[in-house]
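Chain by chain, the residues run as shown.
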Amino acid sequence: MKIKDMYNKNRPVISFEVFPPNTNHSIETIYDTIHDLATFNPDFVSVTYGAGGSTRGKTVEIASLIKNKYNIESLAHLTCVGASKSEIDSIIKEYQSNNIENILSLRGDFPKDMDEKDKHNGDFTYASDLTAYLKKNDFCVAGAYYPETHYENNDLMDLFNLKKKVDAGTDFLISQIFFDNELLYKFKDKTDKIGINVPFSAGIIPVTNAKQIKRITSLCGCSLPPKFQRILEKYADKPEALTEAGIAYAIEQIIDLISWGIDGIHLYTMNKVDTTKKIMDSISHIRDLSK
Ligand code: FAD
């Protein structure tokens, strides 16, 4: 099934993101996680793609397992930075032969050691180039958006670049993490004004580790509102308390987003079953209500 058709059902689409185990761990280490996450009945599960294709085989295998063993739609991430057309063709074939119909089309981050002149020399410069190519191959295609602006651009340019990405054929959008819902509502006002009218899913991460979240937010440039910073500071050295507070904060964000009328919630699960269960249990009635 094409995931874009799920957004017409008049209720929020709930999805999860998982990542393949790193090179030190075998792929089997994620099988139980997928099995348990599947019991929470997500509408779809997305699988990340390591920088430069480093997890390519595992991404395909996990996306295929989700789709073909658990009958849950999978959204396979794919980045194009530094990739040739023939490399993209070969991974497209792998996805097609595994019955995967949905791809999150991404440019990816430039490798640290990449020469400035090489950054725009590939067969696909921006995610929008990959999106147009994937649409020709009949995929349902998602794209990324940044409620607080992508770190390489100013907000106006980034907004117009998002419009180009949608005009290239993006079927729905998933956000980078954010901790202040008002930022997303303001961003959505702007995208409405310039005629971006595909479904928007909001990416939510339950924080369970203060150091990790500070690293992630400094990498992606997303802000930490005072209310959230107080939690991080108060419970930084108390892991159980931080987990409780982080889950409560994520649930509050999700309930507010759904009440506001967001099209979907994309939960960055960090492959954690317990945390995901607590969140899903807390929204079991809310998720089934009409938007
Ligand atoms: P683009 O949409 O191409 O945008 C990149 C920059 O170029 C932006 O500043 C944009 O404003 C600008 N731009 C876009 N189009 C144009 C144009 N036509 N002309 C001029 N400028 C333009 N990374 C991974 O490596 N693997 C993953 O699995 C992964 N999953 C992700 C999932 C989500 C939901 C999100 C939000 C991000 C994910 N990322 C992942 C990170 C992502 O690859 C980086 O944020 C990357 O820097 C940008 O990718 P993009 O697809 O948004 O790029």
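Residues numbered from 1 in each chain as written. Predicted model: local features only at pLDDT ≥ 70, side-chain atom pairs only at ≥ 80, totals over all residues. Heavy atoms only, no water.

Enquirer: How would you explain the overall build of the protein if you had to name every residue and give the values?
Expert: Scanning the protein from terminus to terminus reveals 10 helices and 8 strands. On C-alpha atoms alone, the protein measures out to a radius of gyration of 18 Å, which is about the 19 Å that the 2.2 N^0.38 rule sets for 291 residues. Expressed along its principal axes, the backbone C-alpha trace of the protein runs to roughly 50 × 45 × 40 Å. Relative to its full complement of 291 residues, the protein shows a buried share of 53%. Within the protein, residue pairs in contact and separated by at least 24 positions form 83% of the contacts whose partners lie at least 6 positions apart. Surface summary for the protein: the accessible area is close to 13,900 Å², and the carbon and sulfur share equals 50%. (Helix = DSSP H or I, 4+ residues; strand = E, 2+ residues; numbered from the N terminus. Rg over C-alpha atoms; globule rule 2.2 N^0.38 Å. Buried < 20%, exposed > 50% of the residue type's maximum accessible area, 1.4 Å probe, protein only. Contact = heavy atoms within 4.5 Å. Areas by Shrake-Rupley, 256 points an atom, 1.4 Å probe, with all protein chains shown as cover.)

Enquirer: Which residues make up the sheet that holds strand 2 (residues 44-47), and what values go with them?
Expert: Strands in a sheet are paired, the pairing made by backbone hydrogen bonds, and the direction either parallel or antiparallel. As summarised here, the arrangement of the 8 strands in space is 1-2-3-4-5-6-7-8, forming a closed barrel in which the pairing is parallel. Across this sheet, the average inter-strand angle for adjacent strands is 25°, counted without regard to direction. When strand 1 (residues 13-18) meets strand 8 (residues 264-268), the two strands line up parallel, connected through 5 bridges. Note that in strand 8 the partner of phenylalanine 16 across the bridge is leucine 267. Those strands touched by helix 6 (residues 181-193) are strand 5 (140-145) and strand 7 (200-204), and its axis lies near 155° from that of strand 7. (Pairing = 2+ DSSP bridges. Axes fitted to C-alpha atoms, helices over the stretch in contact; angles between N-to-C directions.)

Enquirer: Which residues make up the environment of glutamine 96, and what values do they have?
Expert: Along the chain, glutamine 96 falls in helix 3 (residues 85-97). For glutamine 96, a relative accessible area of 40% translates into the label partly exposed. Counting along the chain gives 41 residues from glutamine 96 to asparagine 137, while the straight-line C-alpha distance between them is 9.5 Å. Here glutamine 96 is in contact with Asn137 and Phe139, once residues within four sequence places are set aside.

Enquirer: Residue-level account of the packing of helix 8 (residues 226-235) against helix 9 (residues 239-260), with values.
Expert: Where helix 8 meets helix 9, the axes come as close as 9 Å, and the angle between the chain directions of the two elements is 165°. Considering the angle they form, helix 8 stands roughly antiparallel to helix 9. The two elements helix 8 and helix 9 meet at a crossing, and its hand is left-handed. Contact with helix 8, carried on its side by Lys227, Phe228, Ile231, Leu232 and Tyr235, involves Pro239, Ala241, Leu242, Ala245, Tyr249 and Glu252 of helix 9 and no other residues of that element. Residues that form the contact of helix 8 with helix 9 fall into these classes: 9 nonpolar, no polar and 2 charged. (Parallel < 35°, antiparallel > 145°, perpendicular 65-115°, else oblique. Left-handed = near helix turned anticlockwise from the far one by under 90°. Nonpolar A, V, L, I, M, F, W, Y, C, P; charged D, E, K, R; others polar.)

Enquirer: Go over the side chain of aspartate 43 with me, naming the residues and quoting the values.
Expert: Among the secondary structure elements, aspartate 43 is positioned in the loop between helix 1 (31-38) and strand 2. A polar side-chain atom of aspartate 43 sits 2.9 Å from a polar atom in the side chain of arginine 11. Among all residues touching aspartate 43, those that are not within four sequence positions of it are Met6, Arg11, Pro12, Val13, Ile14, Ile72, Glu73 and Arg287. (Polar contact = N/O pair within 3.5 Å; in protein donor to acceptor, adjacent residues only side chain to side chain.)

Enquirer: Describe the site of the ligand, listing the residues and the values that go with them.
Expert: Taken together, the neighbourhood of the ligand is formed by 25 residues, with Tyr49, Asp109, Tyr146, His150 and Asp158 sitting nearest. Between the ligand and alanine 127, the relevant distance is 2.9 Å, taken from an oxygen atom to a main-chain nitrogen or oxygen of the residue. The separation between an oxygen atom of the ligand and a polar side-chain atom of aspartate 158 is 2.6 Å. Elements with a minimum of two residues in the shell around the ligand: strand 3 (73-79), strand 4 (102-106), helix 5 (155-167) and strand 6 (172-175). In the shell around the ligand, the residues fall into 10 nonpolar, 9 polar and 6 charged. (Near = heavy atom within 4 Å.)

Enquirer: So what's going on with the pattern of salt bridges? Which residues, and what values?
Expert: For the coordinates displayed, the defined rule picks out 18 salt bridges. Notably, a salt bridge pairs aspartate 43 with arginine 11, separated by 2.9 Å at the nearest N-O pair. You can see aspartate 43 sitting in the loop between helix 1 and strand 2 and its partner arginine 11 sitting in the segment before strand 1, a full 32 residues away along the chain. The exposure class of aspartate 43 is buried, given its relative accessible area of 15%. Glutamate 101 is the partner of lysine 67 in a salt bridge, and the nearest nitrogen-oxygen pair spans 3.0 Å. Of this pair, lysine 67 sits in helix 2 (residues 56-68) while glutamate 101 is found in the loop between helix 3 and strand 4, placing the two residues 34 residues apart along the sequence. Put simply, Lys2, Lys67, Glu73, Glu101 and Asp138 are held in one network by salt bridges that share partners. (Salt bridge = Lys/Arg side-chain N within 4 Å of Asp/Glu carboxyl O.)

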